[in-house]
Amino acid sequence: MAEAADIQGTHPSPARRWLRRTASLLATAPLLVGLLQGAMATPAVAAAAMEPSSVTAEDATGSRTVDVSLDTLKPSAPVEGDTVTVSGTVTNKGKQTVTDATVDVRVGPRMTSRSQIEQISGRTGFRAGSDPSPLGGRYTVKIPSLAAGLSKDFTLSVPVDKLGLDDEGVYQLGVSLSGQTATQPGKRVLGIERTFLPYQPEATEKKTQLTYLWPLISSAHVSAETGTDDQQTPVFENDDLAAELAPGGRLDQMVTLGKELPITWVIDPDLLATVDAMTRSYQVKDGTGTVPGTKQAVAERWLDALQKAVVGRKVVALPFADPDIASLAHRGKDVPGSLSHLQPATELAGTTVETILHVKPSTDFSWPVNGAVDPSIMDVATSAGAHKVIARSDSFRDDLSYTPTAARPIGGGTTAVVSDASLSTAFEGDMLPAGNSTLAVQEFLAQTLAVTLEQPEQQRSIVVAPQRIPTTSQAQTMATALRGLTAQRWTQPLDLIAASAVKPDPDAATKVPGASRYPRALRKQELPVEAFRDMKSTRADLDDFKVILTLPDRVVTPFGNAISREMSTSWRGQAASASLYRITVHQYLESLTREVQLVDKSDLTLSGRSATIPVTVQNKLLQGVDDLVLRLTSGNKTRLKLNGGDAVAELPVKIAAGHSQSVKFTASANANGPVPMTAQLFTKDGTPYGQEMTFTVKVSEITPTVMLVIAGGVLLLVLAGARMYTQRKRAAARNAEAETAEGDDPEQPSDPAPDTGPESGDPSDAGEKVDR
């Protein structure tokens, strides 16, 4: 009842709640009196009320003292001439030894509806008025003593003709243990387990068409990072997928089992792309670094097995990365741009499956979580081009005495394929214990036979959409149940594409349930609005980044796929992991954008009326960048102008991979003093790229007066040098005359004269810069 109220969104008023509580107390008063009377009854009276004659109540120390587990039941759907064999275990959960115990088989009358099956499957303790009598005789197992905490295996075999099956249909089959303890003398039922026996010895005239979806879906494993090589080696978040693909793993079992079953493959293309990447070189994150992946052989084996399994079979491809349609409808639509992802994801799905599996899939289906829908979910599901939405009968509720055909038109050219809720959830529990698995299989078979017998003259089509990511034991149990239908005595297989085209039942519900009926439990698991804001921010940064790249696909593809994975249905129930994945993707993108940046510049001095101001742009990426513009702005146009008179100048930037470029701006000074400068990169559409850089240019102009003083000083130096030269020449001549007069040798040479060239006094060329 709580779940039903939760789905419908009803909230009873305080007055009604008080009335209900009062009525409940009044109704339970007689029961309390009866319990007190029973407690005060004498042992003889109490024993007379117990099994085998009768049992009037259930309690923890009564019919639940011993746990009965039915581990096998063969054949699961017997025919005339068969012998039904049941094996299992009885375990004493009480504190006293059970003595004089007997394990019995009890076969009940034929059930006439699916609701009866559901009621019986929910029972636990023994009920004398409802549970049938034991077969007794040869079909029992004696257990003289069963100590507390101990278990005992049993096997019971009964020919079909001894079971009392009057006609075809579904029968209750129970196995009970009767015995006594020291404090509870007198034989009574101390434990019972019930299951179902579908009995249809001859094929029905109209068989129910049964469609079973077989999902190949996993969680996100690939990050946005890629290697620096030409092959862009993918980087995996972990190597967990290898365990699922390995022999005996979950996905290995899904392929191994599915290839022999009449099912429709429903595949997330991201899983195929991930496994395909594993067949080649890949890296796995390991702390702060990565290590080479080593599971190529495992991936190749699994992919080869899947390619063979889908040959000639129907394959449905979900949008890439299996986006959470409900989260998009309820939260994502509030963030502009979120819904635009669906169409590309659908297109990518078809090409991915066809390329890897070599089969053309159907991309015309959308599968909201648990088949729960409302008008907004339907709108989003069909916005990407899907015309068929896989819903579930606990969302589309039919007020009918029978199970209608799954397909039903809901308007606008859209078909809701309504899967059966009971059959779709039949294997969601823990199927690892053999007892749980056996009970689930028998109830599944019983429900399918009950569907057929509801209207044996009308053929109907039902769809089973199980949990998206079944465990290994759940997949094995599902396969066991489908094998139980291979005789096709009351069902026949039908693929999902054909099931969606079956003529609909005119009495089936076609109105999409309102938003108030969407389950709160599912709404709580949806991605928050903040998640879609994070995705929008990442997309915006990616759009700004890709326009400057010469090889944008090397960045757009891995990041686009990563953003798709951020909205995957597999994140439900994993809010922290989903948030971490989004943060990691965005941080990596930011680290790449910072690889193209302005190199910090210290203050510089500009001497003279004109000069060039260099600004360096660095590209550390492994590909070239283009379509960038560097804008330099003078903070004081009066003091320092750019490009012949403007305060702002722009120059294009194009840099090869791993290089830097010095971009030079022409500047002219009009007055001395510091001038603040700002450099900023922009994309070609005018969007700022990266952080701006500031520095100061100190203008130090050489005035005419200073030039006159410098010229005068140079002239004085030249005159002084000429005078010194003349004086030295005259002194040398006088010395030569004196030596001749004294009769010295005329052939003796004098000391050579110095050959000193004049030093250049030209001023520095205009435009020469002085910087760091």
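On a predicted model such as this, the values are computed, not experimentally measured, just so you know.

Thresholds applied
Residues numbered from 1 in each chain as written. Predicted model: local features only at pLDDT ≥ 70, side-chain atom pairs only at ≥ 80, totals over all residues. Heavy atoms only, no water. Helix = DSSP H or I, 4+ residues; strand = E, 2+ residues; numbered from the N terminus. Buried < 20%, exposed > 50% of the residue type's maximum accessible area, 1.4 Å probe, protein only. Contact = heavy atoms within 4.5 Å. Areas by Shrake-Rupley, 256 points an atom, 1.4 Å probe, with all protein chains shown as cover. Phe/Tyr/Trp six-rings, centres within 6.5 Å; stacked < 30°, edge-to-face > 60°. Lys NZ or Arg CZ within 6 Å of the ring centre and 35° of its normal. Pairing = 2+ DSSP bridges. Axes fitted to C-alpha atoms, helices over the stretch in contact; angles between N-to-C directions. Polar contact = N/O pair within 3.5 Å; in protein donor to acceptor, adjacent residues only side chain to side chain. Core = buried A, V, L, I, M, F, W, Y, C linked by side-chain atoms within 4.5 Å. Parallel < 35°, antiparallel > 145°, perpendicular 65-115°, else oblique. Nonpolar A, V, L, I, M, F, W, Y, C, P; charged D, E, K, R; others polar. Expected span 1.5 Å × (residues − 1). pLDDT = per-residue confidence, 0-100. Salt bridge = Lys/Arg side-chain N within 4 Å of Asp/Glu carboxyl O.

Enquirer: Give a description of the overall build of the protein chain that names residues and reports values.
Expert: Along the protein chain, the regular secondary structure elements total 20 helices and 29 strands. Within the protein chain, the fraction of its 772 residues that count as buried is 44%. Here the contacts in the protein chain between residues at least 6 apart in sequence split such that 78% fall between residues at least 24 apart. Counting only carbon and sulfur atoms, one obtains 53% of the accessible surface of the protein chain, whose full area is about 38,000 Å².

Enquirer: An account of the packing of aromatic side chains is requested, with residue identities and associated values reported.
Expert: Centre distance and the angle of the planes are the two values used to describe a pair of aromatic rings. The full count for this structure, using the stated rule, is six aromatic pairs. Aromatic side chains Phe-559 and Tyr-588 sit 5.7 Å apart centroid to centroid with 15° between the ring planes, which places their arrangement in the stacked category. With a gap of 29 residues between them, Phe-559 in helix α18 (residues 553–566) and Tyr-588 in helix α19 (residues 575–593) connect regions that are remote in the sequence. For Phe-559, a relative accessible area of 1% translates into the label buried. Aromatic pair Trp-571 and Tyr-581: ring centres 5.5 Å apart, planes at 45°, arrangement tilted. You can see Trp-571 sitting in the loop between α18 and α19 and its partner Tyr-581 sitting in helix α19, a full ten residues away along the chain. What makes Trp-571 buried here is its relative accessible area of 10%. Clustering of aromatic rings is evident, with ring pairs tying together Tyr-212, Trp-214, Phe-427 and Phe-444. Lying across the ring of Trp-367, Arg-468 places its NZ or CZ 4.4 Å from the centre.

Enquirer: Describe in detail the sheet that holds strand β1 (residues 66–74), supporting the description with residues and values.
Expert: The antiparallel open sheet is built from three strands, whose spatial order is β1-β2-β5. Edge strands, defined here as strands with exactly one partner in the open sheet, are β1 and β5 (151–159). Ignoring strand direction, the axes of neighbouring strands in this sheet form an average angle of 20°. Where strand β2 (residues 83–92) meets β5, nine bridges bridge the pair, whose relative direction is antiparallel. Within β5, the position partnered with Gly-88 by the bridge is Phe-154.

Enquirer: How would you sum up the side chain of Asp-252? Please name residues and give values.
Expert: Looking at the element boundaries, Asp-252 is found in helix α6 (residues 250–258). At 2.8 Å, the side chain of Asp-252 and the side chain of Arg-301 are in polar contact. When near neighbours in sequence (up to four residues on either side) are disregarded, Asp-252 contacts Glu-244, Leu-245, Ala-246, Pro-247, Arg-301 and Trp-302.

Enquirer: Could you give an account of the nonpolar core, with specific residues and numbers?
Expert: Formed by 76 residues in total, the largest nonpolar core has its most connected members in Ile-613, Leu-630 and Leu-640. Contacts of Leu-630, omitting those with residues within four sequence positions, involve Leu-598, Val-615, Val-617, Ala-649, Glu-650, Leu-651, Val-653, Val-663, Phe-665, Ala-679, Gln-680 and Leu-681. Counting 63 residues, the second largest nonpolar core, distinct from the first, contains Ile-263, Trp-265, Ala-299 and Ala-440.

Enquirer: An account of the packing of α6 against helix α14 (residues 472–483) is requested, with residue identities and associated values reported.
Expert: Look at α6 against α14: their axes get within 9 Å of each other, and the N-to-C directions meet at 10°. Considering the angle they form, α6 stands roughly parallel to α14. Within the contact between the two elements, α6 uses Arg-250, Gln-253, Met-254 and Leu-257 and α14 uses Thr-472, Ala-475, Gln-476, Ala-479 and Arg-483. Residues that form the contact of α6 with α14 fall into these classes: four nonpolar, three polar and two charged.

Enquirer: Describe α14, naming the residues involved and giving the relevant values.
Expert: The first and last C-alpha atoms of α14 sit 17 Å apart over twelve residues, in line with the 16 Å expected at 1.5 Å per residue. When α14 is considered as a whole, its buried residues turn out to be Ser-473, Gln-474, Ala-475, Thr-477, Met-478, Ala-479, Ala-481 and Leu-482. Where α14 is buried, its residues meet β8 (208–216), α6 and α13 (434–454).

Enquirer: Which residues make up the confidence of the model for the protein chain, and what are the values?
Expert: Model confidence for the protein chain is summarised by a mean pLDDT of 86, while 83% of its residues fall at 70 or above. Counted against residues more than four places away or in other chains, residues 703–711, with its pLDDT under 50, gives one contact. Between residues 738–772, whose pLDDT stays under 50, and residues either more than four places distant or in other chains, the model counts 15 contacts.

Enquirer: An account of the pattern of salt bridges is needed here, citing residue identities and associated values.
Expert: Going through the model one piece at a time under the given rule, you end up with 23 salt bridges. Between Asp-131 and Arg-194 there is a salt bridge, with the nearest N and O atoms lying 2.7 Å from each other. In this pair, Asp-131 is assigned in the loop between α4 (114–121) and β4 (140–146) and Arg-194 in strand β7 (residues 188–199), connecting sequence segments 63 residues apart. With relative accessibility at 6%, the residue Asp-131 sits in the buried group. Arg-194 sits in the buried class, given a relative accessible area of 6%. Between Glu-225 and Lys-285 there is a salt bridge; the shortest N-O distance is 3.6 Å.

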